[in-house]
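An overview of the molecular structure
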Amino acid sequence: MPRLSYRLPPVTVVTLLAGLLLSLLASSASAQTDGFVAGTVSDATDAPLPGVTVLVQGTNYGTATNEDGYYRMTLPEGRYALRFSAVGFESRSDSVVIRRDATTELDVTLATSVVEMDGVTVEEDRAPEEAGVYSVDPEDVQAMPTPFKDGFRALKVVPGVATNNELSQQYSVRGGGYNENLIFLNGFEVYMPFRPRQGEQEGLGLLNPDLAQSITFYTGGFPARYGGKLSSALDVQYQSPENEPLQGSASISTLDASIHAGSSTLENRFSWTVGARHAQPGRFFGTQDLKGEYDPRFSDVQGAATYRFGGGHQLEGLGIYADHTFELNPSERRTFFGIISLNPAVADNQFRSLWSDLDGARTDGYTTRFGGARLRSPLSDRLEVTHALAYYSTTETENFDITGDADIYEVDPTAGANNPENYRRLSNSEHTNFADNSVDVETLTGRGRYTYNLPRHAIEAGWHVRSLYFTDRLNEKTIIETGRGDDYRRIVVDSLSDRASFNEMQTGFYVQDAVDVLPRDGQLVVTGGVRTDYYTFNDEWTVSPRLSATLKVNEQLTLTGSWGLYHQKPVYRELRGSAEASPSVPTGGVIDDLLNRDLKSQQSSQFVLGGEYFIPSLRLYVRTEAYYKDLSNVISYSIDDIRVEYSGENDAEGYVAGFDTQIRGEFVPGLESWFNYSFMMARERFKPAFQDAFNQGLVPRPTDQRHTFSAFVQDYVPGDDTWKLHLRALYGSGLPYTPPVPGPDVNGQPTRQPGDRMSERITAYRRVDIGATKEITVVKNGIGRTPVQLDLTLEVLNMFDMDNTVTYSWEGDWTRVPKRLTPRTLNARMRLTF
């Protein structure tokens, strides 16, 4: 019997650093060396002006005057520029010096101004004020304490986004699946990995935050311009420098490194930006219960360029190459789980330990190539024509052959952890896990977009044509052997073998119009549109009307609402799930002949209603949205870790309902913070033809995460604004899963099959990450007189060392063993910007 022990968290340097950072963050609000500025704002006749916005220049930190025109604001001591603004008056800026525990008086007079109304306008680099739309600042992505500076992982602090795995870039929005999200980089559609099994494999997400200019996230109610998915649309615009000298950054940490640069040249006719990233997070992955030689190598290079011809015409390009390799030679796994009972009269001790000795290796690879070009041609001051062509390809491979034994022990928590007599073996089993899988995906997409602006209309139309080509090979099996002699059992958990190909076409058209309805400019904007899509695989046309409205009731209150029909065509994951689930499918052949051509697009009828209220005196925004989704033609699925397995049938109907609430503002000048809470219910009911003993009635969907909370808080260290503190907190209640039960014997061998659908739940996900950054100005006037700045950052990831479970495995005689995520980890980062 092996020497066994379990870890009790010691007081370490990491613990002390975590406590120090948290105490600094918690105490900074009260410990700042603060002073005050106060005064009265009036017009040219000395009449007081209520509702005047008073901001620290370049930030959103400030207040507003009361009904007597009076304001008062708390600021750390130092020199500031204050900006005073109000509708109908010229804005004014004044400087002020704040001294500790003193009040500086500053009275201001504003001159009247004349404002001309131009009607509705469309700004592509700014998030529209619509239902379900959120903006993420790329600078906040850089500041967030996360394992990698990955834009997708930053979305987990957006309202409505499910939270349960820091290793994965996948995300679920308002009860949708991982496969229900659109992603656009510079207007070109890109994709997540098609068949990941666990988060460690995925590598870096394609969104490079170093290059991002703006990140707009539609969590629901997105307009007709976006089609093909049910849940969300992410629209990222990369930088396109204009009249700017060389600028960029270089960053290195204990987990990853990156570099980027951009500039404009040829008298501003040509602009470019390029970035490269590399990560080797073996140390981070190795903190999990599964030990071994981790050798992940994730790299990518991305570049965007724009050439401006005369007359406003311009040619844009985007290129991406990503090569992600994950290698692991596992050696052992030890996991402690269960409930400790010190009083047998109250409850039996259920504290257990899994000990596995493993042999073998796994190698996973993701190689992605993308190239796209777009030509913008303004034909008049109102009409612009845009055409684009893009090629996307990816090759995903998964190879592993791992064997090992698994011993389940009962642990006596009252005795010494290193005494072998304190462990009683409950079961022993041997595992064989094998896979030799690959999938190649190619898409070629042509798009057209046409915009026409009238004084109170923004009209838009477009089309796309896409060819899809997949080649796929599946060869995998999982076998568990238990017992000896007459008690020997060989359980085939799964055994799949298939080769397939797929070649189809998609096309779609849309038209939409944003109308400024009321005489006052921008008070009520209504956007209506419709799109239609065709798919050759099932010879299906879909029609998707969309309608949204934004009403600015006053300067403080904005109301939003939307309704629309959304369709998701069955492409790869939905179709491939059918082949995996059907033992009657012959191996080899063309997937066109094997799958159900009657499979329809999933449909969602979505209603969103919300409002945002601005509290001028606190400079806080309070936003709440409620939503309801009526789901039809649902293709049911299950999730294991991050692997999604579809049924391949339109076998269910369902609904999703919930609300999201956000409080957002600058609690200190120049640093925005926010807090989110979401409640959501996701349910489905199987159609009678697909019901069995395990899926009766209304059951939870795999993404039914009732409660989520997230926060991102930024602050300064008291008395020194060159030190910044950043905290990210995540909570997600347990996701449902389906426990297995004994299945029928196949060729005399027992099998496992899914039991009562979504009848159990994984434990809640809880995580707090914190970081401290010291800003050092290296050169005040660098290239183009831009300062060269060095940021030194220390991060404590999972500061409270919380155990989080992503999935379960079943060992021996049906013992449930959790697969845990990463414990507390220390990361140091250095970033130079110029």
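Notes on the overall build of the chain
Scanning the chain for helices and strands turns up six helices and 42 strands. Relative to its 834 residues, the chain shows a buried fraction of 55%. In the chain, of all internal contacts separated by at least 6 residues, the share reaching a separation of at least 24 is 68%. Of the roughly 34600 Å² that the chain leaves accessible, carbon and sulfur atoms contribute 54%.

Details of the packing of aromatic side chains
Going through the model one piece at a time under the given rule, you end up with 34 aromatic pairs. Between Y808 and W810 the ring centres are 6.4 Å apart and the planes differ by 65°, which places this aromatic pair in the edge-to-face class. No difference in accessibility class separates Y808 from W810, as the two residues are buried. Put simply, the rings of Y191, F194, Y392, F470, F502, Y535 and F537 pair up and form one aromatic cluster. One cation-aromatic arrangement involves R623 over Y134; the distance from NZ or CZ to the ring centre is 4.0 Å. The ring of Y808 carries R816 above its face, with NZ or CZ at 4.2 Å from the centroid.

What to know about the pairing of strand β16 (residues 270-279)
Every regular strand shows the same layout, with side chains that alternate between the two sheet faces. Burial of β16 is one-sided: the residues S271, T273, G275, R277 and A279 facing one way are buried, the residues F270, W272, V274, A276 and H278 facing the other way are not. With ten bridges joining them, strand β15 (residues 256-265) and β16 adopt antiparallel strand pairing. Pairing of H260 across the sheet is with G275, part of β16.

Looking at empty space enclosed by the protein
One pass over the full model with this rule turns up 15 cavities of 30 Å³ or more. Of the volumes computed, that of the largest cavity is approximately 450 Å³. Taken together, 31 residues make up the lining of the largest cavity; nearest its centre are N179, E189, Y191, K229 and V571. Looking at the lining of the largest cavity, the elements with two or more residues in it are β10 (181-185), β11 (188-190), β21 (423-454), β22 (457-482) and α5 (573-581). Residues of the lining of the largest cavity, tallied by class, amount to 13 nonpolar, eight polar and ten charged.

Considering the sheet that holds strand β13 (residues 232-238)
As a general point, the strands of a sheet are linked pairwise by backbone hydrogen bonds and lie either parallel or antiparallel. Strands sit in the order β9-β12-β13-β10-β11 across an open sheet of five strands; the sheet is mixed. Where the open sheet ends on each side, the last strands, each with one partner, are β9 (133-136) and β11. Averaged over all pairs of adjacent strands, the angle between strand axes in this sheet comes to 25°, irrespective of strand direction. Two strands pair when backbone bridges link them, and β10 and β11 are joined in this way by three bridges, in the antiparallel orientation. Looking across to β11, one finds that I183 is bridged to V190.

Observations regarding the sheet that holds strand β5 (residues 78-85)
If you walk across this open sheet you meet the four strands as β3-β2-β5-β6, and the pairing is antiparallel. With partners counted over all chains shown, the strands left at the sheet margins are β3 (62-64) and β6 (92-98), one partner each. Strand after strand, the sheet turns through a mean of 25° between neighbouring axes, direction not considered. Relative to β5, strand β2 (residues 53-56) is paired through four bridges, and the arrangement is antiparallel. Of the residues in β5, the one forming a bridge with L55 is R83.

Regarding unusual backbone geometry
A positive phi angle, near 55°, is found at N243, a position not held by glycine. Within the secondary structure layout, N243 lies in the loop between β13 and β14 (247-253). Judged by its relative accessible area of 63%, N243 is exposed. Unlike most non-glycine residues, N633 shows phi in positive territory, near 55°. Note that N633 resides in strand β28 (residues 620-640). Looking at N633, the relative accessible area reads 24%, which means it is partly exposed.

Quick look at the environment of P330
Positionally, P330 belongs in strand β18 (residues 314-337). Note on P330: relative accessible area 6%, which makes it buried. The spatial distance from the C-alpha of P330 to the C-alpha of L290 is 7.1 Å, given a sequence separation of 40 residues. With near-sequence residues (within four places) excluded, P330 lies in contact with L290, K291, G292, L358, D359, G360, A361 and I402.

Focus: the confidence of the model for the chain
Looking at the chain as a whole, the pLDDT averages 86, with 88% of positions reaching at least 70. Per-residue pLDDT stays below 50 along residues 115-126; that stretch engages in 19 contacts with residues further than four places along the chain or on separate chains. Every residue in residues 578-592 scores below 50 in pLDDT, and together they form 32 contacts with partners more than four places removed in sequence or on other chains.

A word on the nonpolar core
One finds Y171, L185 and L234 to be the most contacted residues of the largest nonpolar core, which totals 72 residues. Residues contacting L185, with those up to four places away along its chain left out, are V190, L206, L207, V236, Y238, Q302, L318 and I320.

Here's the deal with the pairing of strand β25 (residues 540-552)
Summarising the sheet, strand β24 (residues 524-535) and β25 pair through twelve bridges and their orientation is antiparallel. Bridge pairing in β25 links L524 to L551. Pairing between β25 and strand β26 (residues 557-568): seven bridges, direction antiparallel. Counterpart to L547 in the pairing with β26 is W563.

Reading guide: rules and limits
Residues numbered from 1 in each chain as written. Predicted model: local features only at pLDDT ≥ 70, side-chain atom pairs only at ≥ 80, totals over all residues. Heavy atoms only, no water. Helix = DSSP H or I, 4+ residues; strand = E, 2+ residues; numbered from the N terminus. Buried < 20%, exposed > 50% of the residue type's maximum accessible area, 1.4 Å probe, protein only. Contact = heavy atoms within 4.5 Å. Areas by Shrake-Rupley, 256 points an atom, 1.4 Å probe, with all protein chains shown as cover. Phe/Tyr/Trp six-rings, centres within 6.5 Å; stacked < 30°, edge-to-face > 60°. Lys NZ or Arg CZ within 6 Å of the ring centre and 35° of its normal. Pairing = 2+ DSSP bridges. 1 Å grid on protein atoms, 1.4 Å probe; cavity = no way out; pocket = protein on both sides within 12 Å on 5 of 7 lines; lining within 4 Å. Points joined across faces, edges and corners; volume = space filled by probe spheres on them. Nonpolar A, V, L, I, M, F, W, Y, C, P; charged D, E, K, R; others polar. Axes fitted to C-alpha atoms, helices over the stretch in contact; angles between N-to-C directions. pLDDT = per-residue confidence, 0-100. Core = buried A, V, L, I, M, F, W, Y, C linked by side-chain atoms within 4.5 Å.

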